[in-house]
Amino acid sequence: MEQEKIKQVKLLKFGLLTTDEEVKEHNNESLSGYLLYPTTIEFIETTDKLEGVVGLKFGIEYSIEGYTDEKFVDVTFTCKISHPLLTNPNTGDSSTVTVETKNSYLNENNFDYFCFEYDWEIKKGAWTFQILENEVIKLEKTFEIL
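Residues numbered from 1 in each chain as written. Predicted model: local features only at pLDDT ≥ 70, side-chain atom pairs only at ≥ 80, totals over all residues. Heavy atoms only, no water.

Undergrad: Any details on the environment of Phe-116? Residues and values, ideally.
TA: With respect to the helices, strands and loops of the structure, Phe-116 is situated in the loop between strand 9 (108–115) and strand 10 (125–133). Measuring from C-alpha to C-alpha, the distance between Phe-116 and Lys-7 comes to 32 Å, with 109 residues separating the pair along the chain. The residues contacting Phe-116, other than those within four sequence positions of it, are Gly-52, Val-53, Val-54, Gly-55, Leu-56, Phe-58, Glu-121, Ile-122, Trp-127 and Ile-145. (Helix = DSSP H or I, 4+ residues; strand = E, 2+ residues; numbered from the N terminus. Contact = heavy atoms within 4.5 Å.)

Undergrad: Can you explain the sheet that holds strand 9? Please cite residues and give values.
TA: Taken in spatial order, the four strands of this open sheet run 4-1-6-9, and their pairing is antiparallel. Each edge of the open sheet is held by one strand with a lone partner, namely strand 4 (41–45) and strand 9. Taken over all neighbouring pairs, the strand axes of this sheet differ in orientation by 40° on average, direction set aside. Sheet topology places strand 1 (residues 6–19) next to strand 6 (residues 57–66); nine bridges connect them, and they run antiparallel. Of the residues in strand 6, the one forming a bridge with Leu-16 is Phe-58. (Pairing = 2+ DSSP bridges. Axes fitted to C-alpha atoms, helices over the stretch in contact; angles between N-to-C directions.)

Undergrad: Before we move on, could you go through the packing of aromatic side chains and cite the residues and values that matter?
TA: By the definition in use, this model includes 13 aromatic pairs. Look at Phe-58 and Phe-116: their rings are 5.5 Å apart centre to centre, the planes differ by 50°, and that puts the pair in the tilted class. One end of the pair, Phe-58, is in strand 6; the other, Phe-116, is in the loop between strand 9 and strand 10, with 58 residues separating them in the sequence. Taken individually, Phe-58 and Phe-116 each receive the classification buried, so the pair is uniform in this respect. Judged by centre distance (5.2 Å) and plane angle (80°), the ring pair of Phe-116 and Trp-127 falls under edge-to-face. Taken together, the positions of Phe-116 in the loop between strand 9 and strand 10 and Trp-127 in strand 10 put the pair 11 residues apart, joining distant regions of the chain. Looking at Phe-116, the relative accessible area reads 0%, which means it is buried. Using a relative accessible area of 0% as the deciding quantity, one classes Trp-127 as buried. Grouped by ring-pair contacts, the aromatic residues Phe-14, Phe-58, Phe-114, Phe-116, Trp-127, Phe-129 and Phe-143 constitute a single cluster. Lying across the ring of Phe-14, Lys-141 places its NZ or CZ 4.1 Å from the centre. (Phe/Tyr/Trp six-rings, centres within 6.5 Å; stacked < 30°, edge-to-face > 60°. Buried < 20%, exposed > 50% of the residue type's maximum accessible area, 1.4 Å probe, protein only. Lys NZ or Arg CZ within 6 Å of the ring centre and 35° of its normal.)

Undergrad: Explain the sheet that holds strand 11 (residues 136–145) residue by residue, including any values.
TA: With respect to topology, five strands assemble into an open sheet ordered 5-11-10-7-8, the strand pairing being mixed. Two strands in the sheet have a free side with no partner beyond their single neighbour: strand 5 (49–50) and strand 8 (94–105). Where strand 7 (residues 74–87) and strand 8 come together, 11 bridges link them in antiparallel fashion. From the neighbouring strand, Cys-79 faces strand 8, where its bridge partner is Glu-100.

Undergrad: Residue-level account of the pairing of strand 7, with values.
TA: The hairpin formed by strand 7 and strand 8 contains six residues between the paired strands, and Gly-92 there has a positive phi angle of roughly 80°. With five bridges connecting them, strand 7 and strand 10 associate as antiparallel partners. The partner of Ile-81 across the bridge, within strand 10, is Phe-129.

Undergrad: Describe in detail the nonpolar core, supporting the description with residues and values.
TA: In this structure, Phe-58, Tyr-62, Phe-114, Trp-127, Phe-129 and Ile-131 are the most contacted members of the largest nonpolar core, which totals 26 residues. Listed by contribution, the elements that provide at least two residues to this core are strand 1, strand 6, strand 7, strand 10 and strand 11. (Core = buried A, V, L, I, M, F, W, Y, C linked by side-chain atoms within 4.5 Å.)

Undergrad: Give a detailed account of the side chain of Thr-128, specifying residues and quantitative values.
TA: Residue placement: Thr-128 occurs in strand 10. Using a relative accessible area of 13% as the deciding quantity, one classes Thr-128 as buried. For Thr-128, the side chain forms a polar contact with the side chain of Thr-142, separated by 2.9 Å. Apart from the residues within four sequence positions on either side, Thr-128 is in contact with Lys-80, Ile-81, Ser-82, Glu-140, Lys-141 and Thr-142. (Polar contact = N/O pair within 3.5 Å; in protein donor to acceptor, adjacent residues only side chain to side chain.)

This is how it looks when you write it as structure tokens:
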């Protein structure tokens, strides 16, 4: 097993957000078949209870603190979003998790979010974001979709 590089992950912001232009990148782990990658995000409301509507974007911003203060030390970690069962009506695929393996740097800020692009993605209940390194949970934040 790889040695841990992340000392801790600190939650900086959470809630409702907007993004700049998003690039769609193919990803087999996603029920939609892709993940969205903006250059910047902006939090517009701090809340963990949100009304589920098409277009809603919610998520977390966090700092990844390493065991060293060095910048530009590569680190690989996972963002896992656990959510109610979603089924893509076009493919029939279902899942209760959305997972993204991320490569970043230690001692930098990062963010993850979910966007309700389709009606079938909107499910009431708990949506939990986890940041993991080697299966160890470093940060967890739960949102309630109403």
